[in-house]
Amino acid sequence: MEAFARSLIFGDEIPARNPHFTGRGEELRILRQRLTTSAVEVLSQPPQAVFGLGGIGKTEIAVEYAHRFAKEYDLVWWVRSEHEDRMRDAFLKLGKRLGLVSPDGQRDKSIWTVMDALRSGPYDRWLLIFDNATQPEVVKRYLPGGRPHGHVIITSREQQWRRHTKAEGIEVTQFSEEETVDFLRRRVPDLAVLDEQGNPLTSESERSRHVDAVRLARALDNLPIAAEHAAAYLAETGSSVNDYLGMFEDDPHELLSEHVDMDYPHVVATTWSISSRQLGSDATELFNLCAFFSPEPMAEELFLTGGRNVRAPETLAEVLADTRRFRQAARRLHRYSLAKTDGKRNVLTVHRVVQRVTRGQIAVERPEDCDAYRTAVHILLASTNPRNPDRESNDAQYERSLQHLIPAGALNSDHSDLRQLVVDQVRRLHLRGGHEESLRLGEAALKVWRDTSGRDDERVLQLAVEVGIAMRLAGRSKEARELNQETLELLTGKFGEDHEVTLICANSYGGDLRTLGKFEEALELDRKLLPLFEHVFLPHHPRTLNVRNNLGADYRRLGQFRDALRQDELAYTERERALGPTNLRTLTSKDSISHDLRGCGQYDLALDVARDVIAALELRTGPETLDSLNAQKSFAVALRKAGHYEDALQASETAVRRYVDFLGEEHRYTLRANINRINDLRVTDRLREAEKLGRSALALCPKLDIPKSDITWATMVNLALVLRRNSPEEARALDTTAVQGLCEVFGPEHPFTLQATANLASDLAAVGETAGALDLSRHCYEVSSRVLGEKHPDTLAMGANFSLDLRATGNAQQAEDLRVDILRRYEEVLSMEHPVTRIAQQRGRISIDIEPY
């Protein structure tokens, strides 16, 4: 007390100043400002309520304020406010200190005498701190008022102070991570910034200690009282952060029940225990239930959609079956700061440490209730399943349950409907592009379910199908094939070929065949599957349309573009009717149509369709998906084919950046986008960049889990186009290898094989082998005229090159006749202003690039 002015009356019950007080600068600033602003102009400064969750640091702020600004007051007094009797005791003690106790010993008279003295007596500047106030209407009776420099601070879990004090109050939330780390590093020697001699730590040691402090802060979710317990425990016991985190993970209730040397000593685990009498049985049951969800926001729909399906505990079942009772209980939790309610989003949130300690407390005191609450959560989660993960309009419902599945122990439940929700979530995630998230959930569930239900359980196999799809989309092609093969064998053996899940798995296996380059086998499988799907699922079902979509992909990969176009147009029409024009599946079919049109040589029409797809995708909201990335890549190719070279380069660079952000640099889809970008760099005369990109892409091919199919050969062909100008022999070697590989995979008359062969003819011409060039260019022109059609741009390019080879071998008149005919067809198909047509006019050699699938 020597530190204060002699005239200051400073209450004995005011806690000592915390030497480790951290942060809260903004809260103290606001508190000081609100207590002193315009004090001269008002008759009585409104009391300031400091409210928030138990253990969040309300009392510590009040204590720090009392010590920091003590010299500004004549009197500072602490009023314990849990019960009215304690408040009365505090005022009686103040009366004794002031010499104002009634001579006849009447308590009421003494208290009102003290309050009159505060309102009009000799003490003009005073501060009363009502700590841990629980009943606003009672506290209000003990607020003196009447003095502009008389201040009142109220700390409380209650939030409804505005109507009692006519002041907003200050809500205290958890520390920031920076504040928690700073607090821990000042309290715990092993986390300190300085060594024992007071010298700065080395950068390596400093980094290690900082990382440990951050890990601890995040585990405790920056809850001040939990951080204080951790700091005291670590300082007392000398335990490591790893040891503490291990104990916290195993049993936070037991750990936080241990007494340690804290500035405000009490058992942390009891901080959030409020009696059912005070809180009410409805709110108590709801609070206990919330402890078994995740700490993420809990939407009201999670509780009410399936509330009537919950049977136990009995009171909880009644609350969940009655919207009015539920909302009253939620408001009461909010009132006591045990939960935060967000009226705008209609969600409820409970701090993660509070949840974990509450679960531990229930497990210790009423272990039989743990199963009841956990079962109730499982029933509620399962009840929210819209049972159609393909429909995007259901995403909001799925998002409400997703973040709660693993924390709520859903993977360990054998509840059939809950398992169906997990399967649907895995499917929805990979459909929306969340392949890694889909795999994290799916693989974890698959491991548990196989152990508990066996590998041939129907729900386990259904999940395995979706995990296999996610694996393939994530680039884990080999694992996907192995899982799908095993799953298909188990399904066929146990349920037969026409079982729903068997058909779905077989459809997925077709994707594995395409990845392997086994396009004929994939086509045969999908032809077989389509009538089965039409019978089992009906013709217009989304699953059936997926098979038709895959048929289009099969035909496209085999170079049968007209058949692909027919399938994709049918799939697009049905998807648009069933799912709507802006559904991602619908737009994917439309993008496939653009691809087919390019294959048919209708470049302007293909670009028109691609533009429509991009425009529709730009209006969509939500996360990036593989389908939207593929559409961006397709749009860039459509621009290049239509002759818009600079625009194509810009679009392809955008696509590659998005692929890298979404999938990483070493993914087959990113590689495919880069292979197309080689062509965009080449046609815009960025030859050095094109060569560098081509060589790095070619070096990456063997590292990825892909067979030597169109991606590898397309890389060679497109790189050879760049090299021909300065390194024709290297270009020839690449094209020779590509032709051989393409011929083995696709056959000699596939468009890819013809394109590579035509480029090899150009290589031969470049090294002076005119006779060999003539033979190859004649062959390509004749076969392309038959396979792709006489007006296809590839056929015209091969014809233009053939005319050059004819002229080089002395057939000038035949060459000129062919050239005139080719230019006439170019004018009809592409126009005379197209860059390729201008090359033909100038008797230049035309390069034919490959767009890999």
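Residues numbered from 1 in each chain as written. Predicted model: local features only at pLDDT ≥ 70, side-chain atom pairs only at ≥ 80, totals over all residues. Heavy atoms only, no water.

Whenever I open this one, helix α37 (residues 770–787) confuses me. Can you help?
Since the α-helix turns once every 3.6 residues, residues separated by three or four places project in the same direction. Taking 1.5 Å of rise per residue, the 18 residues of α37 would be expected to cover 26 Å, and the 25 Å separating its terminal C-alpha atoms lies within 8% of that figure. Among the residues of α37, A773, L774, S777, C780, Y781, V783, S784 and S785 are the ones counted as buried. G789 sits one or two residues past α37 and shows a positive phi near 110°. (Helix = DSSP H or I, 4+ residues; strand = E, 2+ residues; numbered from the N terminus. Expected span 1.5 Å × (residues − 1). Buried < 20%, exposed > 50% of the residue type's maximum accessible area, 1.4 Å probe, protein only.)

How should I be thinking about the pattern of salt bridges in this particular structure?
A pair can form between side chains of opposite charge whenever their charged atoms are brought close. A full pass over the atoms with the stated rule returns 73 salt bridges. Between E64 and R17 there is a salt bridge, and its shortest N-O distance comes to 2.8 Å. Residue E64 is located in helix α2 (residues 58–68), and its partner R17 is located in the loop between β1 (9–10) and α1 (25–36); the two are separated by 47 residues in the primary sequence. In this structure, the salt-bridge partner of K590 is D612, at a minimum N-O distance of 3.8 Å. (Salt bridge = Lys/Arg side-chain N within 4 Å of Asp/Glu carboxyl O.)

In this structure, what is going on with the pairing of strand β2 (residues 48–51)? I would like to understand it.
Every other side chain in a regular strand lies on the same face of the sheet, so the side chains alternate between the two faces. Because side chains alternate across β2, one face comprises the buried residues Q48 and V50, and the other comprises A49 and F51, equally buried. Across four bridges, the pairing between β2 and strand β5 (residues 150–156) is parallel. Bridging across to β5, F51 finds its partner in S156. Where β2 lies against strand β6 (residues 170–171), two bridges are found, and the strand directions are parallel. Bridge pairing in β6 places F51 opposite E171. (Pairing = 2+ DSSP bridges.)

What exactly am I supposed to notice about the packing of helix α34 (residues 710–723) against helix α35 (residues 728–746) here?
How two helices pack is summed up by the angle between their axes together with the distance between the axes. Here α34 crosses α35 at 155°, and the two axes come no closer than 8 Å. For the element pair α34 / α35, the angle class is roughly antiparallel. You can see that α34 and α35 cross each other, and the crossing is left-handed. Here α34 contributes D710, W713, M716, V717, L719, A720 and L723 to the contact with α35, which in turn contributes P728, E730, A731, L734, D735, T737, A738, G741, L742, V745 and F746. (Axes fitted to C-alpha atoms, helices over the stretch in contact; angles between N-to-C directions. Parallel < 35°, antiparallel > 145°, perpendicular 65-115°, else oblique. Left-handed = near helix turned anticlockwise from the far one by under 90°. Contact = heavy atoms within 4.5 Å.)

What am I meant to see in the packing of aromatic side chains here?
Each aromatic ring pair is specified by the distance between its two centres and by the angle formed by the two planes. What the rule picks out here adds up to 14 aromatic pairs. Members of the aromatic cluster, joined through ring pairs, are F91, W112, F130 and Y142. Stacked on the ring of F69, the Lys or Arg R32 has its end atom at 4.5 Å from the ring centre. (Phe/Tyr/Trp six-rings, centres within 6.5 Å; stacked < 30°, edge-to-face > 60°. Lys NZ or Arg CZ within 6 Å of the ring centre and 35° of its normal.)

Help me understand the sheet that holds β1 in this model?
The strands making up a sheet associate through hydrogen bonds between their backbones, and the pairing can be parallel or antiparallel. On the basis of which strands lie adjacent, the open sheet formed by six strands has the order β1-β3-β4-β5-β2-β6 and parallel pairing. The sheet is open, and its two borders are formed by β1 and β6, each paired with just one other strand. Taken together, the six bridges between strand β3 (residues 75–80) and strand β4 (residues 126–133) define a ladder with parallel strand orientation. If you follow R80 over to β4, its bridge partner there is D131. Each of β2, β5 and β6 is contacted by α1, which is oriented at about 140° to β5, the strand it contacts most. Along the sheet, helix α3 (residues 84–98) contacts β1, β3 and β4; its crossing angle with β3, the most-contacted strand, is approximately 150°.

Even after reading the chapter, I still don't get the pairing of β4, so can you show me in this structure?
Burial of β4 is extensive: seven of the eight residues sit out of reach of the surface. Here β4 pairs with β5 via six bridges, running parallel. Considered in β5, the bridge of I129 is made with I153.

Help me out: how do you make sense of the sheet that holds strand β9 (residues 347–349) in this one?
Ordered by their spatial adjacency, three strands build an open sheet running β7-β9-β8, and the pairing between neighbours is antiparallel. Looking at strand neighbours, the two that pair on one side only are β7 (298–299) and β8 (340–342), the edges of this open sheet. Where β7 and β9 come together, two bridges link them in antiparallel fashion. The partner of M298 across the bridge, within β9, is L348.

Would you mind showing me how to read the nonpolar core here?
If you look at soluble globular proteins, the nonpolar side chains tend to sit buried side by side. By size, the foremost hydrophobic cluster in this structure holds 114 residues, and its most contacted members are L286, L289 and F303. Per-element tally for this core: the top contributor is helix α18 (residues 367–383), with eight residues. Residue contacts for L286: discarding those within four places in its chain leaves F303, L316, F326, A329, A330, L333 and L348. F533, F561, L723 and A738 belong to the second largest nonpolar core, which has 61 residues in total. (Core = buried A, V, L, I, M, F, W, Y, C linked by side-chain atoms within 4.5 Å.)

Would you mind going over helix α21 (residues 435–453) with me for this structure?
Along its 19 residues, α21 runs 25 Å from first to last C-alpha, staying within 8% of the 27 Å computed at 1.5 Å per residue. For α21, every residue scored as buried is listed here: H435, S438, L439, L441, G442, A445, L446, W449 and R450. Note on α21: the residue one or two positions beyond its end, G454, has a positive phi of about 95°.

Help me understand the confidence of the model for the chain, please; the structure alone is not making it clear to me.
One rule of thumb: low pLDDT means the predicted coordinates there are not for detailed reading. Counting all residues, the mean pLDDT for the chain is 89, and 94% of those residues have values of 70 or more. Confidence drops under pLDDT 50 across residues 1–6; counting only partners more than four residues distant or on other chains, this segment forms five contacts. This model gives residues 39–43 a pLDDT under 50, and the stretch forms seven contacts once residues within four places in sequence are excluded. (pLDDT = per-residue confidence, 0-100.)

Is there a simple way to think about the environment of A655 in this case?
Within the element layout of this structure, A655 appears in helix α31 (residues 645–663). Owing to a relative accessible area of 1%, A655 belongs among the buried residues under this scheme. The spatial distance from the C-alpha of A655 to the C-alpha of S831 is 28 Å, given a sequence separation of 176 residues. Those residues in contact with A655 that sit more than four places away from it in its chain are Q632 and K633.

Looking at this structure, I do not really get the state of the cysteines. What am I missing?
Covalent bonding between the sulfur atoms of two cysteines is what defines a disulfide. Scanning all chains against the criterion turns up zero disulfides. Counting only cysteine sulfurs, C290 is the nearest neighbor of C370, a cysteine outside any disulfide, at a range of 15 Å. (Disulfide = S-S within 2.5 Å.)

Honestly, the packing of helix α26 (residues 542–557) against helix α28 (residues 584–599) in this entry has me stumped. Any pointers?
In the contact formed by α26 and α28, the axes pass within 11 Å of each other and the chain directions differ by 20°. What the angle tells us is that α26 and α28 run roughly parallel. In terms of crossing hand, the pair formed by α26 and α28 is left-handed. Contacts between α26 and α28 involve N546, N549 and R556 from the first element and R585, S589, S592, H595 and D596 from the second. Class assignment of the residues belonging to the contact of α26 with α28 gives a composition of no nonpolar, five polar and three charged. (Nonpolar A, V, L, I, M, F, W, Y, C, P; charged D, E, K, R; others polar.)

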